[in-house]
Amino acid sequence: MSETKKKIDAHSHRIWDVIMVGAGPAALSAAVYTSREDITTLLFEKGAIGGLAAVTDWIDNYPGFPKGIAGLELAENLRLQAERFGAYIELGDVMSVKRSGDHIELDTTSGPFKARAVLLATGSDWKKIGVPGEKEYFGRGVHYCATCDGAFYRDKRLAVIGGGNSAVQEAIFLTRYASHIDLLVRGDSFRASEVLQHELKKHTDKITVHLNTTTDEIVAVDNKVDHVVGTRKTTGKKVEFPVDGVFVFVGLEPNTQFLKGSGVDLDEIKLVKTNGHLMTSVKGIFAAGDVRSGATMQIASATGEGATAALEIREYLDDLKK
Amino acid sequence: MAKDITIYTTNTCAYCVMVKKWLKAKDLTYQEVNLDEHPERQKEAFEASGQLAVPVTVVTKKDDSKEVIVGYNLAKLAPAVA
């Protein structure tokens, strides 16, 4: 058993000052602040430490790294910094959160935990496009993580779906493996930044852009993904793209399913509502980062919100002592 | 209890890092097959998992039966190595 695990087990009966649900940029930044002030801090992470940032190939717009930084490296740096000040990270899932008297109870895969305050920082996951073939061939030709699964497509043809930063960034990443990439963009222009669009133009030998093109179906032949059927919106005509695999980057959906029954109010797209102190509708439960209603879905804003939430939590904990 | 654990990974896969980190935290040893360094073994990973994805963790148990877990999936990993 690791030393960290022993310490968490030894303290599992206690009431933590703050438990953070998620260990992406928002929670890890908050943990730097709270643990540095001796606020006992435990984070639960069910996926990758660093969240979606950790599975992003390259991050060019995070301040302080003039040449950019690999997502995995940024995630590792954030983890090291939080742990340096004494934050504990438990690899496990939180199934429910609810207020009970003067504390908050969490039901987790590691057992029940209690905290005086909770920070919800569960971020988002990649949204599905919901077309025939997507679910059926998930992991066998349909993917949402280029840095994980791109290596299986050496010298193969790919389609990348989406027109935002992630789609363009990951399409560029995939050129290191694929022989050719069709980039299918539903809109008449990219939502990706000008910088990324400029970078994309350096890869015209491998990437063909199709604006105004919907993705209607992912078709397999002999149980292998074979082509994508789309529609050119300008002409209404069906088009086919022969591919060996499809990578989907069409936006994000919040990880808030576990909040059902918690009393935490969500907005119409299931993001967590907060007040000006980043507190949710439940006293002592705060939210920061991509999961928060009004978030700008940027790593830099997530780390900033994490720091703000930490200061608000400190103030809340101080008030409890009075 | 697992007799042998093999993980198929790539250099850029964050979930691969998480599986390794989790196994280390459990004091479990494993062999790693990096598919960026050994692309010729991709077929082996696909045949084990049926998926074109990493991480693939193959747990060989004491009775030589095998359990294959794709991704960083603690709900499946934990009982497989128990």
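Residues numbered from 1 in each chain as written. Chains lettered and ligands numbered in written order. Predicted model: local features only at pLDDT ≥ 70, side-chain atom pairs only at ≥ 80, totals over all residues.

1. Notes on the overall build of chain B
From N to C terminus, chain B includes three helices and four strands. When the helices and strands of chain B are read in sequence order from the N terminus, they spell out β-α-β-α-β-β-α. Whereas a compact globule of 82 residues would reach a radius of gyration of roughly 12 Å, chain B reaches 12 Å, a difference of no more than 12%. For chain B, the spread of C-alpha atoms along the three principal axes comes to 30 × 25 × 20 Å. Contacts in chain B between residues far apart in sequence, at least 24 positions, make up 53% of those at least 6 positions apart. (Helix = DSSP H or I, 4+ residues; strand = E, 2+ residues; numbered from the N terminus. Rg over C-alpha atoms; globule rule 2.2 N^0.38 Å. Contact = placed C-beta atoms within 7 Å.)

2. A short note on the sheet that holds strand β4 (residues 66–70) of chain B
Residue and element names in this part refer to chain B. Read from one edge of the open sheet, four strands run β2-β1-β3-β4, paired in mixed fashion. Every other strand in the sheet has two partners, leaving β2 (31–34) and β4 as the edge strands with one partner each. Across this sheet, the average inter-strand angle for adjacent strands is 15 degrees, counted without regard to direction. Its contacts with the sheet place helix α1 (residues 14–25) against β1 (2–9) and β3 (56–61), and it is angled at close to 155 degrees to β1. Most of the contacts of helix α3 (residues 74–81) go to β4, to which it runs at about 160 degrees, and overall it touches β1, β3 and β4. (Pairing = 2+ DSSP bridges. Axes fitted to C-alpha atoms, helices over the stretch in contact; angles between N-to-C directions.)

3. Points about the domain arrangement of chain A
What the domain assignment reports for chain A is domain 1 (3–125 + 252–321) and domain 2 (128–248). Each partner contributes to the interface: domain 1 of chain A provides five residues, whereas domain 2 of chain A provides eight residues. (Domains from an automatic or database assignment.)

4. Digging into the sheet that holds strand β17 (residues 245–248) of chain A
Residue and element names in this part refer to chain A. A sheet is described by the order of its strands in space; here five strands give the open sequence β10-β17-β11-β12-β13, paired in parallel fashion. Whereas interior strands pair on both sides, the edge strands pair on one side only; in this sheet they are β10 (142–143) and β13 (207–210). Pairing between strand β12 (residues 180–184) and β13: four bridges, direction parallel. If you follow I181 over to β13, its bridge partner there is I207.

5. Considering the interface of chain B and chain A
The interface is formed by 22 residues belonging to chain B together with 28 residues belonging to chain A. If one sorts the elements of the side of chain B that touches chain A by residue count, α1 of chain B sits on top with six residues. Broken down by class, the residue content of the side of chain B that touches chain A amounts to 15 nonpolar, five polar and two charged. (Nonpolar A, V, L, I, M, F, W, Y, C, P; charged D, E, K, R; others polar.)

6. Here's the deal with the pairing of β13 of chain A
Because side chains alternate across β13 of chain A, one face comprises the buried residues I207 and V209 of chain A, and the other comprises T208 and H210 of chain A, none of which is buried. Following the backbone out of β12 of chain A, through helix α7 (residues 194–200) of chain A and into the adjacent parallel β13 of chain A, one traces a crossover that is right-handed. (Buried ≥ 20, exposed ≤ 12 C-beta atoms within 10 Å, placed from the backbone. Right-handed = clockwise from strand over helix to strand, strands pointing away.)

7. Details of the packing of helix α2 (residues 25–36) of chain A against helix α8 (residues 299–321) of chain A
Residues and elements named next belong to chain A. The contact between α2 and α8 brings their axes to 7 Å, and the two run at 40 degrees. Accordingly, the angle class assigned to the pair α2 and α8 is oblique. Considering how the two elements wind past one another, α2 and α8 form a crossing that is right-handed. For the pair α2 and α8, contact is made by P25, A26, A27, S29, A30, Y33 and T34 and by I299, A302, T303, E305, G306, A307, A309, A310, L311, I313 and R314, respectively. Considering only residue class, the contact of α2 with α8 consists of twelve nonpolar, four polar and two charged. (Parallel < 35°, antiparallel > 145°, perpendicular 65-115°, else oblique. Left-handed = near helix turned anticlockwise from the far one by under 90°.)

8. Regarding unusual backbone geometry
For the bond running from V54 of chain B to P55 of chain B, omega is 0 degrees, close enough to zero to count as cis. Here P55 of chain B shows up in the loop between α2 (42–49) and β3.

9. Comments concerning the pairing of strand β8 (residues 111–120) of chain A
Residues and elements named next belong to chain A. Along β8, seven of the ten residues are buried, which leaves the element largely enclosed by surrounding structure. Relative to β8, strand β1 (residues 15–21) runs parallel, the two sharing six bridges. Bridge pairing in β8 links V18 to A117. Taking the residues between adjacent antiparallel strands as the criterion, strand β7 (residues 103–108) and β8 are bridged by two residues.

10. What about the environment of K202 of chain A?
For K202 of chain A, the position within the fold is in the loop between α7 and β13. Linking K202 of chain A and V142 of chain A, residues 60 residues apart in sequence, is a C-alpha distance of 26 Å.

11. Description of the nonpolar core
All names here are of chain A. Core analysis: the largest hydrophobic core is formed by 120 residues, its most contacted members being I19, A30, V118, L119, V160, V246 and F286. If one sorts the elements of this core by residue count, α2 sits on top with seven residues. When residues of this core are sorted by domain, at least three fall in each of domain 1 (3–125 + 252–321) and domain 2 (128–248). (Core = buried A, V, L, I, M, F, W, Y, C linked by C-beta atoms within 7 Å.)

12. As for the packing of α2 of chain A against helix α4 (residues 71–84) of chain A
Residue and element names in this part refer to chain A. Packing of α2 against α4 leaves a shortest axis separation of 8 Å and a crossing angle of 25 degrees. The angle between α2 and α4 places the two elements in the roughly parallel class. Every pair of crossing elements has a handedness; the one defined by α2 and α4 is left-handed. Residue-level contacts link P25, L28, S29, A31, V32 and S35 of α2 to L78, R79, Q81 and A82 of α4. Residue classes in the contact of α2 with α4 are distributed as six nonpolar, three polar and one charged.

13. Points about the environment of A146 of chain A
All names here are of chain A. Within the secondary structure, A146 is located in helix α5 (residues 146–149). Considering only alpha carbons, one finds A146 and F247, 101 residues apart in sequence, at a separation of 7.0 Å. Filtering out sequence-adjacent residues up to four positions away, A146 remains in contact with D57, E170, F173, L174 and F247.

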